[in-house]
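Commentary on secondary and tertiary structure
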Amino acid sequence: MKPVISAKDIEALLAHGGDVRGLPTDAILTPSAKDLLRDLARRGHGVADGSANSDSLATATAPPAKPLSSRSPKAEIDDFFNSAYGRNLKEQICDVGRRLWQRAYVDGNGGNIAIRVGENIALCTPTLVSKGFMKPEDMCLVDFEGNQFCGARNRTSEILMHLQIMKRQPRAVATVHCHPPYSTGFAVAGMVPPTCMIPEYEVFASVGVAPYRTPGTPEMGKLVADLTDKHNTILMANHGVVSWSHNNVEDAYFKVEILEAYCRTILVTAQLGVPPKTMTPAQLQDLLQIKQSLGIPDPRHGLKECELCDNEEWRPGVTCAISPKAEPAVGFDPEAEAAVQAITDQIMAKLI
Ligand SMILES: [Zn+2]
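Below is a summary of the structure that appears in this document. (Residues numbered from 1 in each chain as written. Predicted model: local features only at pLDDT ≥ 70, side-chain atom pairs only at ≥ 80, totals over all residues. Heavy atoms only, no water.)

Some points on the pairing of strand 7 (residues 174–178)
The test is simple: Only protein chains enter the accessibility calculation, which uses a 1.4 Å probe. A residue is then buried if its area is under 20% of the maximum for its type, exposed if over 50%, and partly exposed in between. Elements are defined by DSSP. Helices are runs of H or I of four residues or more, strands are runs of E of two residues or more, and each kind is numbered from the N terminus. If DSSP finds at least two bridges between two strands, the strands pair.
Of all the 5 residues making up strand 7, 5 are buried; the element is thus mostly covered by neighbouring parts of the structure. On strand 7, burial covers both faces: Ala174, Val176 and Cys178 on one face and Thr175 and His177 on the other are all buried. When strand 3 (residues 112–116) meets strand 7, the two strands line up antiparallel, connected through 4 bridges. Along strand 7, the bridge assignment pairs Ile115 with Ala174. Where strand 7 and strand 10 (residues 240–245) come together, 5 bridges link them in antiparallel fashion. Opposite Val176, over in strand 10, you have Ser243 as the bridge partner.

So, the packing of aromatic side chains
What counts is decided by this rule: Side-chain rings of Phe, Tyr and Trp, where Trp is taken by its six-membered ring, are said to pair if the distance between their centres is within 6.5 Å; with planes under 30 degrees apart they count as stacked, over 60 as edge-to-face, and otherwise as tilted. In this scheme, the term charge over a ring applies when either NZ of a lysine or CZ of an arginine sits within 6 Å of the ring centre and within 35 degrees of the ring normal.
Scanning the entire structure with this criterion turns up 5 aromatic pairs. Both rings, one in Trp101 and one in Phe133, keep their centres 4.8 Å apart while their planes meet at 70°; by these two values the pair is edge-to-face. Placement of the pair is Trp101 in helix 5 (residues 84–102) and Phe133 in the loop between strand 4 (121–124) and strand 5 (140–143), with a sequence separation of 32 residues. The class for Trp101 is partly exposed, based on a relative accessible area of 40%. Sitting over the ring of Phe81, Lys90 keeps its end group 3.6 Å from the ring centre.

With respect to the packing of helix 6 (residues 159–168) against helix 9 (residues 218–225)
Short version of the rule: Between N-to-C directions, angles cover 0 to 180 degrees, with each direction set by a line fitted to C-alpha atoms, over the stretch in contact for helices. Between 65 and 115 degrees an angle is taken as roughly perpendicular, under 35 as roughly parallel, over 145 as roughly antiparallel, and anywhere else as oblique. A crossing counts as left-handed when the near helix is turned anticlockwise from the far one by less than a right angle, and as right-handed when that turn is clockwise. Residue contacts are counted whenever heavy atoms from the two residues lie within 4.5 Å of one another.
Orientation of helix 6 relative to helix 9, taken along the N-to-C sense of each, is 40°, at an axis distance of 8 Å. Judged on the interaxial angle alone, helix 9 and helix 6 are oblique. The two elements helix 6 and helix 9 meet at a crossing, and its hand is right-handed. Between helix 6 and helix 9, the contacting residues are Met161, Gln164, Ile165 and Arg168 on the first element and Pro218, Gly221, Lys222, Val224 and Ala225 on the second.

Looking at the coordination of the zinc ion
The textbook angles at a metal center are 109.5 degrees for a tetrahedron of four donors and 90 or 180 degrees for an octahedron of six. The cut-off we apply is this: Here a donor is an N, O or S atom found within 2.8 Å of the metal, or within 3.2 Å if the metal is Na, K or Ca; sites may look incomplete because water is not among the atoms.
At the metal site, the zinc ion is ligated by His177 (NE2), His179 (NE2) and His239 (NE2), and these contacts range over 2.1 to 2.3 Å. Mapped onto the sequence, the donors of the zinc ion take the spacing H-x1-H-x59-H. For the pair formed by His177 and His179, the shared burial category is buried.

Let's talk about helix 10 (residues 249–270)
To keep things clear, this is the line we draw: The span one expects for a helix is its residue count, reduced by one, times 1.5 Å. Think of a polar contact as two N or O atoms within 3.5 Å of one another; within protein, one of them needs to be a possible hydrogen donor and the other a possible acceptor, and neighboring residues in sequence only count if both atoms come from side chains.
The end-to-end C-alpha separation of helix 10 is 32 Å, in line with the 32 Å expected for 22 residues at 1.5 Å each. Restricting attention to buried positions, one finds in helix 10 the residues Val249, Asp251, Ala252, Tyr253, Lys255, Val256, Leu259, Glu260, Tyr262, Cys263 and Ile266. For helix 10, the capping residue at the N-terminal end is Asn248, with a side-chain oxygen 3.2 Å from the backbone nitrogen of Glu250.

Considerations on the nonpolar core
Short version of the rule: Take the buried residues of types Ala, Val, Leu, Ile, Met, Phe, Trp, Tyr and Cys, join any two whose side-chain atoms come within 4.5 Å, and each joined set is a nonpolar core.
Counting 41 residues, the largest nonpolar core has Leu100, Ile113, Val117, Leu123, Leu141 and Val176 as the members making the most contacts within it. Those elements that place two or more of their residues in this core are helix 4 (74–81), helix 5, strand 3, strand 4, strand 7, helix 7 (181–189) and helix 10. Per element, the largest residue contribution to this core is 8 residues, and it comes from helix 10. Those residues in contact with Ile113 that sit more than four places away from it in its chain are Ile93, Val96, Gly97, Leu100, Leu123, Cys124, Thr125, Met134, His162, Thr175, Val176 and Val249.

What follows is the structure in structure tokens.
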């Protein structure tokens, strides 16, 4: 069987010091792999004639040597926007958009994605395009005030919120906003999901709720940005979710995926008619230590163990670990149960 090679495979090869001349000649190249090789060749890296130099190719897929900002000469910004490196970031945005749409996390033209590419500039999605069907050519480049520098389409109006997160949070390299139904259900209820139930959620997501404001307004962006010191995933009341990552755009997407799976799972748990079993505060503390070592913020870092699993807001049977005495399950009244038993006994006695 012929091997299939994608743009990601080529980038991984170059990142590890490999040489594209070593690619199997009978390999099937994906369209993005062909685009990447063509782009590298066009930029004078000699791929097409087989005289490629792996060092120069690696440079073509690396960030610009001189960090970019809104003050950079327009030619430098354009060069970046049209580079193989820039194209790779645009493809990453398209890939995340496709995953958002395929998992029904976006509807209509909803949702938007951004990647920081310099001190105060970012690549972002355009307005009026389904996130499931974007092409790299659709992407826009804006400064942190939302002024558009590059791209044939107009930038999304919700970009201001992403930019306010990046301004407020220098570690934020990527942001993802979408409307996944289970998480948005919690956002409409204005409720942070209960905790201490599933390890992945505890380690990778730190969820807060921002009050409702009109989408796209600076006020909305500020309320979200205010939460980013302690949270990487924010439920926007009556709207949806926005996440940020200090790693990359896929990692920002993962926050949403983890939150959505979690909200879905605990809603199933809530319907099973038994109080959920939660992990102990000591077990959660172990997870928070891992979280801290990964550089992921959480408002519970540094709290005492007894404060860690407080699920007061969550009613279906979860009890707060601060009180060691378990609350009786909802609907269970020992006195009423005894009365029912006595009446049943009397009826049974008469029947016999
Ligand atoms: Zn939205």
